[in-house]
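Residues per chain are reported as follows:
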Amino acid sequence: MGAHGVKAVFFDLDNTLVDTAAAGRRAIEEGLSRLLQVIKALQSKHHYGEGEARLICDKVQAKLLKECHDPAKMCITDLRISHWEEAIQETTGGEANRHLAAECYFLWKTTRLQHLTLSEDTRGMLTELRKGLHLLLLTNGDKQTQREKIEACGCQPYFDAIVVGGEQKEEKPAPSIFHYCCNLLGVHPAECVMVGDSLDTDIQGGLNAGLQATVWLNKAMTTPVDISPVPHYIISSVLDLPAVLQKMEHKINSKLGTDSTASGNE
């Protein structure tokens with residue numbers, strides 16, 4: 001990219017570069033039989049069936065989707081053990097069992113991390129892009145949880161910098177975290193592109209910060225008519241990004257050529 005084009009690309013992590021949601025579902029599916037063994041072993045008085053174990057897992061998934069975490073009040077580990085504790089009690093009744101909940105949580109967490117991978121195609125794309133651009137990973141979330149994911153998928157070598165929202169004063173979509181990223185790379189917001197799956201955080205944040213472009217990863221490609229905020233580009237796979245960047249470069253070069261011609265005719 002030229003001096004007037006894109007110099008840096010910011011990537012979201014969860015469900016953009018790595019399929020966190022799918023990893024969580026696989027963790028539940030693979031962990032069901034082991035979870036059932038754990039429950040039976042720790043609560044020999046109760047012989048839960050697979051249906052009850054699955055219901056517990058479903059309840060935990062629902063709690064994760066609605067999760068609001070304040071690190072000043074509770075660490076993420078305690079919060080998520082509480083999810084399991086509540087789900088087990090809601091399903092089976094009786095007294096709360098923190099020990100059982102902790103066993104279930106760490107089983108789920110370990111299995112999920114094992115499934116968080118950066119695909120070979122994605123690794124190849126990042127390697128190629130980094131030959132001409134600065135790349136930065138920008139993810140919201142608890143610092144411990146996100147750093148564990150980053151370590152698990154081994155994405156550090158592909159980025160010039162990694163910024164975790166939970167380690168900053170503000171997270172996406174606040175402009176401050178985007179400007180912090182720009183300062184890290186020594187670039188201006190108008191030279192940067194944000195790529196992510198969340199309209200509320202990735203796209204709105206990129207717009208708030210005045211980035212050159214936002215690219216929404218919409219795997220379903222079923223775009224609502226009244227989509228808001230409106231991204232500059234929409235892709236169905238992160239692997240489509242290089243084509244978008246080429247299109248942007250072509251537009252910039254065309255505009256520069258038009259401006260140059262107009263200036264010469266004056």
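Just above, that's the structure.
Residues numbered from 1 in each chain as written. Predicted model: local features only at pLDDT ≥ 70, side-chain atom pairs only at ≥ 80, totals over all residues. Heavy atoms only, no water.

A. View of the state of the cysteines. Taken as a whole and assessed by the stated rule, the structure comprises 0 disulfides. Distance from the sulfur of Cys-104, which forms no disulfide, to the nearest cysteine sulfur (Cys-57) is 7.7 Å. With no disulfide of its own, Cys-155 lies closest to Cys-153 among cysteine sulfurs, the gap being 3.6 Å. (Disulfide = S-S within 2.5 Å.)

B. Structural context of the sheet that holds strand E2 (residues 134–139). With parallel pairing, the 6 strands of this open sheet are ordered in space as E3-E2-E1-E4-E5-E6. Edge positions in the sheet fall to strand E3 (161–164) and strand E6 (233–235), since each of these pairs with one other strand and no more. Mean inter-strand twist for the sheet, computed between neighbouring axes without regard to direction, equals 20 degrees. In the sheet, E2 pairs with E3 via 4 bridges, with the strands oriented parallel. (Pairing = 2+ DSSP bridges. Helix = DSSP H or I, 4+ residues; strand = E, 2+ residues; numbered from the N terminus. Axes fitted to C-alpha atoms, helices over the stretch in contact; angles between N-to-C directions.)

C. Inspection of the environment of Asp-200 at higher detail. Tracing the backbone shows Asp-200 in helix H8 (residues 199–208). Accessibility expressed as a relative area gives 57% for Asp-200, which makes it exposed. The sequence separation of Asp-200 and Lys-172 amounts to 28 residues, and the corresponding C-alpha distance is 8.5 Å. (Buried < 20%, exposed > 50% of the residue type's maximum accessible area, 1.4 Å probe, protein only.)

D. Layout of the environment of Glu-128. Mapped onto the elements of the fold, Glu-128 is located in helix H5 (residues 120–129). Residues Glu-128 and Pro-242 lie 114 residues apart in sequence; the distance between their C-alpha atoms is 9.2 Å. Of the polar contacts made by the side chain of Glu-128, one reaches the side chain of Lys-131; its length is 2.8 Å. (Polar contact = N/O pair within 3.5 Å; in protein donor to acceptor, adjacent residues only side chain to side chain.)

E. Focus on helix H4 (residues 98–114). Here H4 is 17 residues long and its end C-alpha atoms lie 24 Å apart, about the 24 Å a rise of 1.5 Å per residue gives. For H4, the capping residue at the N-terminal end is Asn-97, with a side-chain oxygen 3.2 Å from the backbone nitrogen of His-99. (Expected span 1.5 Å × (residues − 1).)

Structural measurements only, silent on function.
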